[in-house]
Amino acid sequence: MESTEQPRSISGSMQSPRSPSSQPYLSVSVSDPVKLGNGVQSYISYRVITKTNFPDYQGPEKIVIRRYSDFVWLRDRLFEKYKGIFIPPLPEKSAVEKFRFSAEFIEMRRAALDIFVNRIALHPELKQSEDLRTFLQADEETMERFRFQETGIFTKKPADLMQMFRDVQSKVSDAVLGKEKPVEETTPEYEKLKHYIFELENHLAEAQKHAYRLVKRHRELGQSLLDFGKAVKLLGACEGEPTGKAFSDLGSKSELLSIKLQKEAQQVLMNFEEPLKDYVRYVQSIKATIAERGTAFRQHCELAETTKLKEINLDKLMLTRSDKVGEAEIEYREIKAESEEATERFGRIVKRMEEEIVRFQEQKTEEMGVAFHQFAKGQARLANSIADAWRSLLPKLEASSSV
Amino acid sequence: MMGSENADGFEETNLNAPREEMENLVLGVNGDAAGGDGPLTRSEVNGDSSNSGYRSAMSTLSNVRDPLSPLPTVLTPADSDPLLAPSSFSDFRSLGSKPNSSDNSYIEPPSYADVIFSPFDENSDSEINGAEDSSRHSLSSDSLSRSPSSSSSDYIKITVSNPQKEQETSNSIVPGGNTYITYQITTRTNLPDFGLSEFSVRRRFRDVVTLADRLAESYRGFCIPPRPDKSVVESQVMQKQEFVEQRRVALEKYLRRLSAHPVIRNSEELKVFLQVQGKLPLPTSTDVASRMLDGAVKLPKQLFGEGGASAVPVHEVVQPARGGRDLLRLFKELRQSVSNDWGGSKPPVVEEDKEFLEKKEKMHDLEQQIINASQQAESLVKAQQDMGETMGELGLAFIKLTKFENEEAVFNSQRTRATDMKSLATAAVKASRFYRELNSQTVKHLDTLHEYLGMMMAVQGAFADRSSALLTVQTLLSELSSLQARAEKLEAASSKVFGGDKSRIRKIEELKETIKVTEDAKNVAIREYERIKDNNRSEVERLDGERRADFMNMMKGFVVNQVGYAEKISNVWAKVAEETSQYDREKQIS
């Protein structure tokens, strides 16, 4: 399984780990989903293989076993530590119980997790993260310990996370609409970006919805061709020759095409609908980053104001030669340091976002381009095989009817 | 087939008509079934047929060559060979030429995509021809149908149009003016019988019922196409445009089918219906009330055998027993059928032809399969429809996205993406249109299945005619035998009386009269039965051949349609694949 799963983009070249003077590379794959546990507590575990020559990694190859919640842990940690960066999105947690262990679902999730980790491994900043190293290298017990220790707000369930996003959305749009006092430092570009992101999500969600429906339509068409084929064969059995044989041939072709349609349905789901869903998730992740930036700015503002107040207070005390001056001076310096930190943090987020947005747009153009190309090829192939299949009947039909 | 303008969905009335007729048959109320009457005709009448003619016909049935279907010439494009090398996806890529170009292309093998005229074809440089049955539309159902006559130069085309509301002029018992709808029936023909080559009349639905009834009487044993439903609905619904349009379509189909029937098209009844202006000069089907009255008058005579036992004129014998008038006969035939069923008194009648029974069974099976196939055909059509719709919606969603990205673009990568999306969106919208066109053609082809459901009812009607005629024969035979038995008894008794028994002798004389009349009636009935059997046989043979030819055409049309549109759709997507070829990752791993 793993050999066929090429990570979508490989950092550097596909050099073998044995060449010593090669550039630093980090390549990851997620594969071999295995169902573990019993009953309600059963879950899927994945094999995560890391090939690298990074100095602080156990190279050249390391294999660990991870489950979905481990990926969530990684995502949350990165989100916490690398504010301003658009953290790659994870596939949704729970599906309808029935499908949680269906082969299709498991495969789609595996592919999405593979993409997730690889995006991190490719990101210039994220790939140096300690948490990533832990995730890729720690043994399973250590990993489990880390996972349970997580107490921050980011251990929230995705449902809560969604609520957070919604809160963020309303807060941000309030700010945009000017309902609150202007806490958000905005530039026209940033305003445009926010508006763009929110609108984009709507458009993408609609496209994804129709893509999903299209998958269903493929399945339905396949089913109806199957039923039609069967019915037509039965009809042929009632008729004498040559009509009977013609019906039988027609029915067989119909059944054959039904199989092709089911196959294409699966392809469309994996290569077209899933990338669109991923796109939507990505946009939601950006919204979370936008919220973070807002929070950081608020902190910067508040701290700056508090610092100002402390300064004024200090000056006052100095003028009155109060013996509280010493205390106040210490407080003032502390606050000032915090404020500077907050300002710096905010500034870092702004800078990161500027770079990220460029990256994001390019990445998305590439990924969607691939998705479109595959979709178009798939549809063309399907239509061709439909044409071929029906066409092959025609000589026989011609011959039969001129009897 | 005589395709109508109904491209959306199937004509439901064909399925409903047979059901309603069957209900009427059971109730024995209005004699408006095509060839069927009362419960008697539905009974399984057993009898041997030593009709060798029928048997030999049955054996040749499977080898029958349909002399009526001309070799389809319209099907394949003039310059193409069905065995052509399939124009595959890779060919398009390598040729680098625009796929699906018009006939100017030298490189491409001719494809079925070219055969199928599509107004949305970007490369078709002919103007959009909206007429449904334009001759350019090589797959229109008209051109695929068998020519219904033996010589392909005969031509009759009926159109039903122009529904209009009219007021009932005569005083009716029902208070308030009755309005009804009339339709214009236009006929174009070169058949000599009609005299003119084009003419029109106005008819109402009631006239059609009359026509159907008169045909049923005149053409017993024939597979007469079933007429459209009577549809018991409120007058409010009657006048709704949708209902009127449905009815117009159904009438047109019905009349076209009648005119396609090689015997019925020459009938007096049809001619009169199509040509005679003003009130339809065919005797109307009398309603039950007047028939009851009629019958009440005649009943005493029948019951008491008075007035020269020929209470019922001989020629009337050959008509199946209807309510009212023929109460007595009805009773007798009912008794007879019962006795046949229970095998009580075995009258010396011929057992029903085993081959006939087999044929009936086969027809029933066939009908079941046609029903099943037509249901699945409907599902297929719906699935194709849905696919087209969703594809279109997807296309629109991407067009919106394209517009959005272009408007909001800050980076070039966005503009590139917008271009890619546009390519996809345009293709999706085109493909969606192709799916919808494919579908409306598919409907026309697969509609053949629906049409034949109607014809199965016609066959059942023909079989029912035969059964009822046989029942008449058997009734008369048994009547005859009981009359003769009575005569023998009387003679025996009378011969014991010396010098003759005046009253008995008189009775014997009368009886002998009755016997003679009944004998004549029996002979007429037998001749009629034979005639109907002949009609049955030739009709079933004809119909089997037609059906097979029609089904073959249906399949061909369906398949050619699928091929053509699949090619068009494939071209559309191949273009996108080419436009996005820079994203082909499969290539790069080599």
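Quantities reported herein were computed from a predicted structural model and do not represent experimental measurements.

Novice: Before we move on, can you summarise unusual backbone geometry with the specific residues and values?
Specialist: Positive phi outside glycine occurs at Asp-32 of chain A, with the angle close to 50°. Note that Asp-32 of chain A resides in strand β1 (residues 26-36). Overall, Asp-32 of chain A belongs to the partly exposed group, its relative accessible area being 24%. Phi is positive for Asn-162 of chain B, which is not a glycine, with a value near 55°. Residue position: Asn-162 of chain B is located in strand β1 (residues 156-167).

Novice: Lay out the confidence of the model for chain B in plain terms, naming residues and giving numbers.
Specialist: All names here are of chain B. When pLDDT is averaged along chain B, the result is 71; 59% of the residues meet or exceed 70. Averaged over each element, pLDDT in chain B is lowest for helix α2 (residues 52-61) (34) and highest for helix α13 (residues 354-408) (93). In this model residues 288-295 is a low-confidence stretch, pLDDT under 50, and it forms twelve contacts with partners more than four residues away in sequence or in other chains. Model confidence for the complex is summarised by a pTM of 0.72, with the ipTM given as 0.84.

Novice: Account for the sheet that holds strand β3 (residues 198-204) of chain B, with residues named and values stated.
Specialist: All names here are of chain B. Taken together, three strands build an open sheet; the order of strands is β1-β2-β3 and the sheet is antiparallel. Only two strands of the sheet have a single neighbouring strand rather than two, namely β1 and β3. Here the average twist between neighbouring strands, direction ignored, is 20°. Relative to strand β2 (residues 179-189), β1 runs antiparallel, the two sharing ten bridges. Bridge pairing links Ile-158 to Thr-187 in β2. Relative to β3, helix α6 (residues 205-218) is tilted by about 100°, and along the sheet it contacts β2 and β3.

Novice: Any chance you could break down the domain arrangement of chain A for me, citing the residues and the numbers?
Specialist: Residue and element names in this part refer to chain A. By the assigned domains, chain A splits into domain 1 (26-148) and domain 2 (188-402). Computed from C-alpha atoms alone, the centre-to-centre distance between domain 1 and domain 2 is 20 Å. For the pairing of domain 1 and domain 2, the buried interface totals around 2100 Å² over both sides, and the portion due to carbon and sulfur atoms is 56%. When the buried area of domain 1 at its contact with domain 2 is split by residue, Phe-86, Met-108 and Arg-119 rank highest and sum to 36% of it. Counting every contact that joins domain 1 to domain 2 gives six salt bridges. Notably, a salt bridge pairs Lys-83 with Glu-292, separated by 3.5 Å at the nearest N-O pair. Inspection of the domain 1/domain 2 interface yields nine residue pairs in polar contact (both at pLDDT 80 or more). Elements represented by at least two residues in the side of domain 1 that touches domain 2 include exactly α1 (68-81) and α2 (103-122). Residue contributions to the side of domain 1 that touches domain 2 peak at six residues, all from α2. Of the residues assigned to the side of domain 1 that touches domain 2, the class counts are 13 nonpolar, two polar and seven charged.

Novice: How would you sum up the packing of aromatic side chains? Please name residues and give values.
Specialist: Scanning the entire structure with this criterion turns up 22 aromatic pairs over all chains. Between Phe-228 of chain A and Phe-558 of chain B, the ring centres sit 5.7 Å apart and the planes meet at 50°, which makes this aromatic pair tilted. Of the two residues, Phe-228 of chain A is situated in helix α6 (residues 188-238) and Phe-558 of chain B in helix α15 (residues 502-579); the pairing between them involves two chains. A relative accessible area of 2% means that Phe-228 of chain A is categorised as buried. Between Tyr-279 of chain A and Phe-360 of chain A, the ring centres sit 6.2 Å apart and the planes meet at 70°, which makes this aromatic pair edge-to-face. Placement of the pair is Tyr-279 of chain A in helix α7 (residues 243-319) and Phe-360 of chain A in helix α8 (residues 325-401), with a sequence separation of 81 residues. No difference in accessibility class separates Tyr-279 of chain A from Phe-360 of chain A, as the two residues are buried. Put simply, the rings of Phe-272, Phe-372 and Phe-375 of chain A together with Phe-398 and Trp-573 of chain B pair up and form one aromatic cluster. We note Arg-109 of chain A situated over the ring of Tyr-68 of chain A; from NZ or CZ to the ring centre the distance is 4.1 Å.

Novice: Before we move on, could you go through the confidence of the model for chain A and cite the residues and values that matter?
Specialist: Residue and element names in this part refer to chain A. The predicted model of chain A has a mean per-residue pLDDT of 85, with 83% of residues at 70 or higher. Across chain A, α6 holds the top mean pLDDT of 95, while helix α5 (residues 158-177) sits lowest at 51. A low-confidence stretch, residues 151-159 (pLDDT under 50), is modelled with nine contacts involving residues beyond four sequence positions or located in other chains. pLDDT under 50 marks residues 174-183. Its contacts with residues more than four places away, or in other chains, come to seven contacts.

Novice: Give a detailed account of the interface of chain A and chain B, specifying residues and quantitative values.
Specialist: Every contact between the two is made by 70 residues of chain A and, on the other side, 77 residues of chain B. In this assembly, chain A packs against chain B so that about 6500 Å² is buried in total across both faces, 72% of it on carbon and sulfur atoms. By the criterion of area lost to chain B, the three top residues of chain A are Phe-372, His-373 and Arg-391 of chain A, representing 10% of everything that side buries. Linking chain A to chain B there are eight salt bridges. Our count for the chain A to chain B interface comes out at 18 residue pairs in polar contact (both at pLDDT 80 or more). Among the elements of the structure, α6, α7 and α8 of chain A are those that each provide at least two residues to the side of chain A that touches chain B. Take the side of chain A that touches chain B: its biggest share by element is 32 residues, from α8 of chain A. When its residues are assigned to classes, the side of chain A that touches chain B shows 37 nonpolar, 16 polar and 17 charged.

How each quantity is defined
- Residues numbered from 1 in each chain as written.
- Chains lettered and ligands numbered in written order.
- Predicted model: local features only at pLDDT ≥ 70, side-chain atom pairs only at ≥ 80, totals over all residues.
- Heavy atoms only, no water.
- Helix = DSSP H or I, 4+ residues; strand = E, 2+ residues; numbered from the N terminus.
- Buried < 20%, exposed > 50% of the residue type's maximum accessible area, 1.4 Å probe, protein only.
- pLDDT = per-residue confidence, 0-100.
- Contact = heavy atoms within 4.5 Å.
- Pairing = 2+ DSSP bridges.
- Axes fitted to C-alpha atoms, helices over the stretch in contact; angles between N-to-C directions.
- Domains from an automatic or database assignment.
- Buried area = accessible area lost by both parts, 1.4 Å probe.
- Salt bridge = Lys/Arg side-chain N within 4 Å of Asp/Glu carboxyl O.
- Polar contact = N/O pair within 3.5 Å; in protein donor to acceptor, adjacent residues only side chain to side chain.
- Nonpolar A, V, L, I, M, F, W, Y, C, P; charged D, E, K, R; others polar.
- Phe/Tyr/Trp six-rings, centres within 6.5 Å; stacked < 30°, edge-to-face > 60°.
- Lys NZ or Arg CZ within 6 Å of the ring centre and 35° of its normal.

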